[in-house]
Each structure stands twice: as structure tokens, then as C-alpha cells.
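Residues per chain are reported as follows:
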Amino acid sequence: MTILKLAIRGIRSAFGRLLLTIIAIVTGVGFVSGAFILADSLSNSFTTVFEEGFADTDAQVIQPSAGFGDSQGGPQGNSTLPDSLTAEIAALPEVGRATPTVALNDPDSFNQMAVLDINDEPVRPAGPPILAFSWDGETLGGIDSFEGTAPGSNEVALSAEYVDAINLANGSDVAIGDTLVITTPNDGKVEYTLSAIVTFNVTIGEFYLLVDIDTAQQLFEKEGKIDAIDLAAAPGVEVDDLIAAVQQVVPEGAEVLNQADVLADQLAAFDQVIGIIRNILLGFAGVALFVSLFIIYNTFAILVTQRLRQIGMLRAIGATQSQIRWSVVIEGFFVGIIGSLLGFLAGFGFAFMIKAAFQATGGFPETGTVVETRTIVVAFGVGILASVFSALLPATVAARVTPIAAMRNEPPSQSSVSRRAAIGGGVFILGAIALALGLTGTGGEFDALGISLSEVWVVIIQLAIGAILIFLGVIMLSVLFAGPFVDTLGRSSVLGAVMLGLGVGLLALMFSIGDGVPQSVGEADQAFFAVVKWISFFVKLFVATVAIVVGLSILISKARGGKATGIGGSAGALEGSLARQNAARSPRRTAATAGALAIGIALIATVAVMGESLKKTFADSLEVTLKADLYVYNPETFESFSADIAAEIERIDGVAAVSAGRNSTVKLGVDEEGEDDLVGIYGFNAATGTSIINPSIVGDFDGVLGAGEVMLFEAEAEDRNLGVGDSLDIAFDGDGSSEAFSIVALFSDNGSVNGSSIIVDRSTLVTYGKDDVDDTGVLLQEDVDVESVKAEVSTVVREVSADLAVEDRQEFVDTVSGQIDGLTTLINYLLGFTLLVAFVGVINTIVLSVVERTREIGLLRAVGTTRRQIRSMIRWEAVIVCVFGSVLGIGMGVLFAWAGISAVPEGFIKLAIPYESILFTILIAAFAGVLAAVLPAFFAGRKNVLEAISG
Amino acid sequence: MTETSMAPPPGPPADSSNAAANAVAAQKVYGSGDTAVHALRGVDVVFEKGRFTSIMGPSGSGKSTLMQCMAGLDRLTGGETYVGGVPLSTLDDKALTQLRRDRIGFIFQAYNLIPTLNAQENITLPMDLAGAKPDDAWMQQVITAVGLGDRMDHRPNELSGGQQQRVAVARALASQPDIIFGDEPTGNLDSKTGAEILEFMRKAVDDLGQTIVMVTHDPVSASYSDQVLFLADGQIVDQMMEPTTDAVYDRVRSMGD
């Protein structure tokens, strides 16, 4: 009880100091609870929507797909059923109603149909998908009411929300009876009359485009076929009896599902997506918690040092070691509880706001925010565990405090620096081994303890464990070089030179190999990105300039001061030297503080290096492999389009040749685990040979493929022990049949063929029903005006589809680079949170170290150090620690990125290092140090001299 | 130069049955080899029950080390110390902690009160740590003696230095220990407040029958005790019964402190 009382009173008295520590936990727990609450709430909403949708359906007939994914299709849903089945089933006495449905039902085909606005642009608001279904005007679950009549031939019905979106785009209202232009997946643009506006009970923001079943079959190329039959039992018939009766008449392989199964089936896909969102957020939560471990550890370590006397006294008057240990652990426990509670509230607020944003924008159903018991347990569990775990080591140190400490003021014995470094070395080596295992792929599959993991997961886990161990190892080892590093960097001549060098380097990179001054961007939807680019340009310019000015002024004042080294050389030398010695004096603390920062920076550097490498690899590869002058594709959805476009383009004056390409997935048999052995295949226009697409063919081969001939990716050939002249059995459909092809050549660069392993003539894919194309490369004749031909090609293309883009090579490279940039930026924003936590940690450590050094600061003040000098001392210390952390982080980031890239099979990606971002990051870390020191420096400067000394 | 200064150091007492604590051939060496520092070179001493003893000596004479080892705060490198007949070297950390908690009281130079506990809570802290219930009658006596009156629920930072040290003395008395050790208990106080504390300690011996051993360098403080031991170079070189300020002062000066 006494220990509890002491712990609680301790927290209360040190609350200000623990506040920053609590923030560290809040962030991690906030991410955890936010992730769960958001995912559970979304899942709950989806369930509600689907329950509404299937309220009138007792059972459903579907034909599960026997095939495998198409690269265009992702997880293929179901195969189709024959049209005639509906009548057969409807004839059964148990059946009250049998409604056939046809839909664009594979998730990747969402958005393929869209209404065009008055500017001929498809109305496709960002976010919610546009779903296209057949509708007979009577059933289709979830419809509350509609005005108008059910769509017939050449008619369409739209959901009310979609009509609103169209009205918004047009600036005027459409009405029933108006003619709408609609872009379709297979028939180009069509003109339909709006026959009805439909109101659904509940939507989650999705839009509906409804046509009659004949139109649907034609539009979706499912003539004579249907996707599913919704059934309702005849009055008085039990659902089980209905299912049993229908089962008698359905074809082999078809399934009759009850309502619950239908719901589960429909929800599975959405739950998968929700699960991904949740896991990403949980990943960030993990990182934030990992960072907070360092901060909590640091705080408690410092608190223990501050309480040496008190702990010694408690030991002297009879507190046992375990009582002391418990008092620290209990303090950690309470900090964990407070942090978890606040974090949970923050997470709840976060999830609530995101949900509110969804509701505001997309008619998200007003279902409650779901807080499962599991969410609370996990949120508090991880918060408290992290806090208690981090307090364990300081608690042990506290327990080792001797009773005599009450009379002296000596620090407790800690494990020596060399022992810590030795442990760090061991951990580092373990990490390196794990990384090496992952990279060489010697782990194989894992199947023990009731867990079985595929090889890919084993590799990922090995890499992750390796990275974490290497990280911990480096942090522990950094105790060794924290001293020398800080000592060297802290010398004003070195610091000045480094700042100057970084500033000049950043400027040089910005204007030489970097983006330079951003080009003005005309299009309105790119204005935002242009603004972002300009802002980042000016921030970099500012940072570089400040670094140069600071570096120069340090060097100049140094030169004026005369003396080369030592205290008192120049005006700033004293505080600089003291700061350096302070940071170097406790390498353990410097290392732990820098470590918290290093995690965030390491992750950001990893993402940056990987992004840069991807971009570089892609650009280099295209340089060699894509010979096309113009490239036609769908940048929004990468959807396929009609091959007729290619033929039309070929007729344009100035066009020399056209290669239409199509991606797909094929099966090369079954692997050892019985899983389908699937690879990507690319069909191109073999007649043009390598003049447009050149995948770096090995040896002499002109790329002209005949029937029954394939080219195989070199690395894939090595893996499978295949070579030129060998035969390859390829299955294009899930029906089990396969065709033998002969390998006529190998190619070494699969960048321009979307990473496919096999290249065939496109006619082969057409044989198997894949007659549309994904991209079209256009080679122009020499001496033609590229811009004018491009304009003509655009006209032809826009005629058919509003979604296709015509880009020259540079534009294409920019588009893809932009997408990679977008992804890395998004990840970095989330990781930025981690940096914020680490930043709080730096402030925390410096505040505490100022408190700890009260007496010393008082002494410095007493002998004539000015407040300004004291503040400057604290500031430099923070800068040095931050720069140390960022250098550690960037070093590890490059290492992790290298490991991640090397783990990608076939050595596809080449390592490229974004030097500009790296210099920028180091300088930003230095600035963050200045910022972090503001508060602590203020406290330190304000200290009363006398109190500080006698304190 | 007094007569006593010429007397040989007292040998081990034949009868230690009346001892609250005693040491036999106590040795303490810090470090080893060339850098070894001999803080105690075989000290024999008996602190009898119900007596107030001062230990004096120049800096580095080993007086603090002797007190710390006898109080079970630190361990000897040779010889043995006893508290109430229990040899301390045989105890592990836990038993030693228990012994300190139940049978030894401490008064520190810097008060060393817990800032987050009030006066009352600070006084009962050792018993609370032991999970024991204080003897009400005794507590009443101690609290009355402290004379804090209605300030018992004040935090240490709301009390004067003298009041804080009185709380610290009360804390040492609270568990009715066999012996109380003080480490320059008046070192941080002005002479008037210091005198007050010493009076209080004197009364604890005379009226409450406590045993107190105090390290001090101040002859005035030493004059409150029944007996003064003089240490030099890790050995007891002299002792003085019923000391007066002047006598102690003379003796200390002769030791060249």
C-alpha cells in the first residue's frame, strides 16, 4: 500500500515531466484503437447495407469460379450460369420468385461505366465506386423507392446520389427523360435515356447505374449468361426445402446459398479491404509504440537518477529492493493507464471524425461507432505493457541503488558501456543473420506450432525481425560511437563546416540533378500538387540558405576568436564545448534519445530510398525497352480497352507502327503445395518485333513470335531450369486444359511488359477470349511533328473512351513517377506522426536533463555565464543529439531499403539513393533540435542561481 | 593535551551483553592493490543501550564508514558488526533490509523526507513499508515530543528546516528501534535550531530510553552526548566520557583537524 501511495504521489509530483511521456503512449494507443474502431464501424456499416440488400432474398444460386485470377480481374468472383436456368428454377413449386441478375461484378471493374458530363468527362467522384447492375424494376435488394419507370431497352436508371453528382458536374439538373452519354467497357460511348431515379435504403457512398437484363448482358458481354439468381420461397415453404429443391436442377458445380452464406460471401471481399486498412494503421501503431518504448525508458531512467537520494533513504529505513522496483514499475503502470485512456479517447475521436467525413461526403449509413471489448482490451493492453516494459530496466537500476546513496549522491552502478556494446554487437549479428536468411531465402516454409506460413511470409518475417534486431543492436552499439561522434561534431569548426557543406550540397543537388525550379502546371486538378511542389521547393531553399548562413557565421566567429580549440576560443565556444561535453558525457542517454528519432527517420529513409530506386529502375528500364513515341493507356484504372483503337491509330498519317499489348495471368501447373503456379503473361504485337517494345532479348532474335512460340524471362527460366528450345505447358483457363508452347528466346528486362514472365503474340490471347488491350505503343515516322500527331491520336482515342490518356515517353515516366511519389508521400505523412512522437521524446529528454543538471547550471550562472549562453548550450546539445539520430536513422534506412530491394526476386530493382532528401532530412533534424530546445532552454535560463546551487 | 589523549585505545569490551550494537575488528578497504584505501583498520567498539554516543574525527578518518557499516548500510571487508547481537555479515540483502527497518533508525544530514508525503506519513513510513501497525501509545508520545501540533498534515516543503529534522528524528524513533544512527543531523541547521534538535535527541535517550549514535564534527553537538569516540586513520584513537564543548574542542584541535 505504501509503495502504491508513493508511486501515485510520485506521478502526481512529476506529472509535468511525465506529460510528454504520456503523449508518446497516446499516439501509439490512439492508432491502435482508432484502427480497430474504424474497421469495426466500417464492417458494421457494410453488414447493415448488405442485410438490407438481401432482406427479400431467401437464397441465391451462383457458380463458383473454377478458374484463377486474370491480371485484370484480381480475385475472380464467380462464373456465369446459363440464361435458361431461371425459367427452370422458376417452374419449381417451392420457388416463389426467381430473379436473374447480371452485373459488372468483379471489384476491379467498378467504375468502368460512367455517365459523361456536359464537358464529355466521366462523372466519377473520387472514392466511392460506381456499380452497374441489371434491374427488373421490382426486386434488387435495398431499393426504398424510385420515381420514373424501370429501364427498358436503351434506358438507364441511376441512384439519387449519382444524379446529384452529375448535377454538380454539369451545373444543371438532369431529369427523367433526358438523354445521357455513358462510357461503357466494351461498346464505347452509348446514349441512353434516363428512365428512373432510384433511392436506396442505405448506401455507403457507392453509386448505382441500373439497366435491364438484356442490356446488361450485352454491355457486360454476357449474352445468354447470368451471374446469379436470387430466390424467394413460395408462401409456406421452408428455406431449407427451397434450397433442397433448387439443388436438384442446378448444373454441376453451382451452389445454392442461404441468406447468411450470401451475406458472408458478399462481405468477405469488403472485410478484406477493411482488414488491409486496419492492418496498415496497426503497423503505424506498432512503429509509434516502438518509438514510445525509448521515450518511456529514457524518462524513467532519468527520474530514477533524480531520485537517487530518496531511493537511498527509502532503502536505508527499510524498503526492500523489490519494494523499490515495484514502486517504479507501478509508476510505469499508471503512466500506461493514463496514456492508454487518453490514447483510446484520441483513437475514438479519430475514427469518429473519419466516419463523420465519410458520412458527410457519401451518404454513409448512420450506424453507431462500434467499440468492441477487444478494442478496449488491446488498446489498454499494449499501452500498459509498453509502459511497464520500458520501466522495467530503470526499475532494476533503482533497486540496485545502495542505502548509502541517501548520504552521498552517487549514480547507481549500471552495466558498463562495454558490456552494453557487447550485447548490442550480439543483437546486431543476430539481426544480420536473420536478414541474411531472409535475403537468401533459405528459410523455406514454416510449418510448426500450429502455424504454417508460405515462403514469402517467412522471408518478410525474417527481414522484419532482422531489421528490428539490427536496429536495437545499432542503438546499443551507438553508445560506443555516440561519444566520439558528438565530440567531433560538437567542435565548432567541424559543426560550422558540416552545416556549410550540407547547405551547399543541398542547393547543388536541388539545381543540378534534382527537380530544380518547379515547372508551372496548367491543369486545374494538378494545381494542388504544383502548390505542394513549390512549397517544398521554398522550404528546401530556406533550409539550405539558413544552414549556409549558420555554418559560415560559426566558422567566421571561430576564425575571429583565434584559438584553434578549447574553451573560450570564441564567443560561442564555451557553450558549444559544454553542450558537446554534456551530450558526450552520458552516451547512454544520447543514444536512447537519438534512437527514438532514428526509428522514425530510418523508416522514412527506407521508404524514400525504395521509392527512388523504383523510380530510377522504371525510368532506366523504359529508356531501353519502350521505344514508342506515344503511349496510350488508362491511367486511372489501367482498364482494358477495345483493340479497335489500335487499328484506328495505325491509320493516322505519320504513324509508323502500333503495338497493342494485353496482360493476363496463366497457370504453369501446380507447385509442391498444390497451389496453382501462376505467372504473368504479356501479349504484344509480334509483327512489329522489338521496334516498339524491346524487353532486352538475349541473343539474336527479332521478337517476331509465331503461333505456339513464347519468349521467357531470363530469371524465370533459370528458376525453372528452362532454356531456348524447351517446351512450356500453359493453361489460359481454369478448365484444366493447357497448350504446349515452344520457348524461342529469353529476355532480360520485364519492365516494359508490366513485369510479366512470358511474352506471346497477342493473337494467342485473343484465341482465349482476351481480345481487348491494356496499352498501345505508337511508333511515329521520322520527321513528323509529334505534337500534331499526338493531337490526332488523342481525338481518335477520346472518341471511344473518355478515360484513356495519350502520353509521350517523358509524360508516361512522369505519371508513373508521380504515382510512386504519391505513395511514398502518403506513407511518409503517417510516419511523420512517429517523428512527432520522437520529437516530443527529444524535448522530454532535454527538459529532464536540464532538471537533472540544475546544480550545474546554477554553478555556471554563478560564475558568470549569461542566460543567453546557457540557452545556447542547451540548444547546441539538442542539435547535436538530433543530427546524431538522423545520421543513425538514415544509415539504417539505406540498409533496410537495400535489404528490401534485394529480397525482391530476380534482382529487378536497382538501388538508388535520394541524396537531396537525405541532406534535407539531416538539416531538418538539426532545425528540429533547435526547436526542441526552446522550452528546456527557457527553463534553464530562468533558473534562480542561488536556488539552483543550494537545490 | 588532556590526560585521556595519552591513554591507549580501548580494547574490545569483555561484556557486550548490554550492547545495542558492537563491532569486532571491523575492517573496510575500498579498491584493491596499490589504490586500496583502508577506511577502517580493525575497529572494536560497543554502543551500550540507552546511551548517546558521538563519533568524531577528521575527514577521511572513517567515522562515516564506521557508522554506515554498523548501521547495515554498507558491508565490511573484514571483522564483524552486530546489532542486538545479530552478526550483520550473515544476513542477505533482504534480511539486512528487514533488520534496518525493524531495529535501526536513521537521521540524515539533509532530512531526507519524502516530499510527496506529509509529516505524519513520513513518520510512519518505516512501519508502513513493513506493513506493520504502529504502537499507538508510543506514537502519541513521539508525536507529542516532536511538538509539531497541527502541522502534522503538512508537506515537508511547508515546514522549516528545524521542523523537518524533528520529523526525521521522529521517523527514526517511531518503530522503537534498538539503535538510532545520525549522520551529522544538525549539519544543515543554524546553531539555535540545531540545539533544539539535539535537546530533542537527548530527551529521546533520557526519557524514552533510546540508544543514539551520531557522527559529527561539531564539538557543541558532541557535548550533548554521553560519550565521544575519536577516530583517526581508520582506528579509534581516543574516547571521552561526559564531554564538554571545550574539552572536545581541545581534543579535536590536538588531532589537527
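The structure we're discussing is the one just above.
Residues numbered from 1 in each chain as written. Chains lettered and ligands numbered in written order. Predicted model: local features only at pLDDT ≥ 70, side-chain atom pairs only at ≥ 80, totals over all residues. Heavy atoms only, no water.

Attention now moves to the overall build of chain B. When helices and strands are counted, chain B shows 9 helices and 10 strands. Partitioning the contacts of chain B with sequence separation of at least 6, the portion at a separation of at least 24 is 68%. When the accessible surface of chain B is split by element, carbon and sulfur atoms take 47% of a total near 10,700 Å². (Helix = DSSP H or I, 4+ residues; strand = E, 2+ residues; numbered from the N terminus. Contact = heavy atoms within 4.5 Å. Areas by Shrake-Rupley, 256 points an atom, 1.4 Å probe, with all protein chains shown as cover.)

Each helix and strand in chain A was counted, giving 26 helices and 26 strands. In chain A, which comprises 951 residues, the proportion classed as buried is 51%. Intrachain contacts of chain A at a sequence separation of at least 6 include 80% that bridge at least 24 residues. (Buried < 20%, exposed > 50% of the residue type's maximum accessible area, 1.4 Å probe, protein only.)

With that settled, consider the sheet that holds strand β7 (residues 179-183) of chain B. Residues and elements named next belong to chain B. Ordered by their spatial adjacency, 6 strands build an open sheet running β6-β7-β8-β3-β9-β10, and the pairing between neighbours is mixed. A single partner strand is all that each edge strand has here, and the edge strands are β6 (104-107) and β10 (235-241). The sheet shows a mean angle of 20° between the axes of neighbouring strands, direction not considered. Pairing of β7 with strand β8 (residues 212-215) involves 4 bridges; the strand directions are parallel. (Pairing = 2+ DSSP bridges. Axes fitted to C-alpha atoms, helices over the stretch in contact; angles between N-to-C directions.)

A word on the environment of G148(A). Residue and element names in this part refer to chain A. Tracing the backbone through its elements, the reader meets G148 in strand β7 (residues 143-148). Since its relative accessible area comes to 40%, G148 is described here as partly exposed. For the pair G148 and S195, spaced 47 residues apart in sequence, the C-alpha separation works out to 5.7 Å. In this view, G148 contacts I176, S195 and A196; residues no more than four positions away in its chain are not counted.

Every contact between the two is made by 26 residues of chain B and, on the other side, 24 residues of chain A. Three residues, L73(B), T116(B) and L129(B), lead the burial of chain B against chain A; their summed loss comes to 24% of the area buried on that side. Remark: the boundary between chain B and chain A carries 1 salt bridge. In this structure, R315(A) and D93(B) form a salt bridge, with 2.9 Å as the shortest nitrogen-oxygen distance. In this structure, the connection of chain B to chain A is made through 5 residue pairs in polar contact (both at pLDDT 80 or more). For the side of chain B that touches chain A, the element with the highest residue contribution is helix α4 (residues 119-130) of chain B, accounting for 5 residues. Looking at the side of chain B that touches chain A residue by residue, the class counts come to 13 nonpolar, 4 polar and 9 charged. (Buried area = accessible area lost by both parts, 1.4 Å probe. Salt bridge = Lys/Arg side-chain N within 4 Å of Asp/Glu carboxyl O. Polar contact = N/O pair within 3.5 Å; in protein donor to acceptor, adjacent residues only side chain to side chain. Nonpolar A, V, L, I, M, F, W, Y, C, P; charged D, E, K, R; others polar.)

Where charged atoms from two side chains of opposite charge approach closely, those side chains can pair. Residues and elements named next belong to chain B. Taken as a whole and assessed by the stated rule, the structure comprises 12 salt bridges over all chains. Salt-bridge contacts for R41 lead to D233; the nearest nitrogen and oxygen are separated by 3.8 Å. Remark: D233 occurs in the loop between β9 (227-232) and β10 and R41 occurs in strand β2 (residues 37-48); sequence separation between them is 192 residues. Note on R41: relative accessible area 35%, which makes it partly exposed.

Attention now moves to the packing of helix α23 (residues 867-903) of chain A against helix α24 (residues 915-932) of chain A. Residue and element names in this part refer to chain A. Remark: α23 packs on α24, axes separated minimally by 7 Å, with the N-to-C direction vectors making an angle of 150°. Taken as axis vectors, α23 and α24 run roughly antiparallel relative to one another. Two packed elements cross with a definite hand, and for α23 against α24 that hand is right-handed. Facing R875, A878, V879, C882, V883, S886, V887, I890 and V894 of α23, the residues of α24 in contact are I918, T921, I922, A925, A926, A928, G929 and V930. The residue inventory of the contact of α23 with α24, partitioned by class, reads 13 nonpolar, 3 polar and 1 charged. (Parallel < 35°, antiparallel > 145°, perpendicular 65-115°, else oblique. Left-handed = near helix turned anticlockwise from the far one by under 90°.)

Further remarks concern a positive patch on the surface. Residues and elements named next belong to chain A. A contiguous patch of positive charge, built from R867, R868, R871 and R875, is present on the exposed surface. On the secondary structure map, R868 appears in helix α23. A relative accessible area of 67% places R868 in the exposed class. (Patch = residues over 30% accessible without salt bridge, like charges linked within 9 Å, V, L, I, M, F, W, Y side chains within 5 Å. Lys, Arg positive; Asp, Glu negative; His and termini not counted. Charge placed at Lys NZ, Arg CZ, Asp CG, Glu CD.)

All names here are of chain B. One pass over the structure, following the stated rule, counts 8 aromatic pairs over all chains. Ring plane angle 10° and centroid distance 5.9 Å describe the contact between F106 and F108, whose orientation is recorded as stacked. Looking at F106, the relative accessible area reads 3%, which means it is buried. The cationic tip of R251 hangs over the ring face of F230; the distance from NZ or CZ to the ring centre is 5.3 Å. (Phe/Tyr/Trp six-rings, centres within 6.5 Å; stacked < 30°, edge-to-face > 60°. Lys NZ or Arg CZ within 6 Å of the ring centre and 35° of its normal.)

As a further point, take helix α5 (residues 136-146) of chain B. Residue and element names in this part refer to chain B. Every buried residue of α5 is accounted for by W138, M139, V142, I143 and V146. The buried residues of α5 occupy an angular sector of 130° when the element is viewed end-on, so they sit on one face. Residues of α5 that are exposed and point more than 90 degrees away from the buried face comprise A137 and T144. Residues of α5 that are buried in the fold lie against α4, α6 (161-174) and α7 (191-206). A side-chain oxygen of the first residue of α5 lies 3.1 Å from the backbone nitrogen of A137; this N-cap is D135. (Arc of directions from axis to C-beta.)

A contiguous patch of negative charge on the surface is contributed by D187(A), E221(A), E223(A), D644(A), E648(A), D771(A) and E799(A). Within the secondary structure, E799(A) sits in helix α20 (residues 786-800).

Next up on the list: the sheet that holds β2(B). Strands pair in a sheet through their backbones, by hydrogen bonds, and they do so in one of two ways: parallel or antiparallel. All names here are of chain B. Strand order in this open sheet of 4 strands is β2-β1-β4-β5, and the pairing throughout is antiparallel. Sheet topology places β2 and β5 (86-87) at the edges, where each strand pairs with a single neighbour. By the bridge criterion, 5 bridges tie strand β1 (residues 19-30) to strand β4 (residues 78-83) in an arrangement that is antiparallel. Within β4, the residue paired with A23 across the bridge is T81.

Right, let's talk about unusual backbone geometry for a bit. Unlike most non-glycine residues, N721(A) shows phi in positive territory, near 55°. In this structure, N721(A) sits in the loop between α18 (714-719) and β22 (727-730). N721(A) sits in the exposed class, given a relative accessible area of 70%. Here the phi dihedral of D233(B) falls at roughly 55°; this positive angle occurs in a residue that is not glycine.

The next point concerns the nonpolar core. Counting residues in hydrophobic clusters, the biggest one holds 94 residues, and the most contacted among them are F47(B), F106(B), I179(B) and F181(B). Ranked by the residues each element gives to this core, the list is headed by helix α2 (residues 15-53) of chain A, at 15 residues. With near-sequence residues (within four places) excluded, F47(B) lies in contact with A19(B), A20(B), A21(B), T53(B), I55(B), M70(B), I179(B), V213(B) and L229(B). In terms of nonpolar packing, the next biggest core, distinct from the first, is built from 76 residues, I295(A), L463(A), M892(A) and V894(A) among them. (Core = buried A, V, L, I, M, F, W, Y, C linked by side-chain atoms within 4.5 Å.)

A contiguous nonpolar patch, built from I429(A), L430(A), I433(A) and L437(A) and spanning about 360 Å² of accessible area, is present on the exposed surface. Given a relative accessible area of 36%, L437(A) falls into the partly exposed group.

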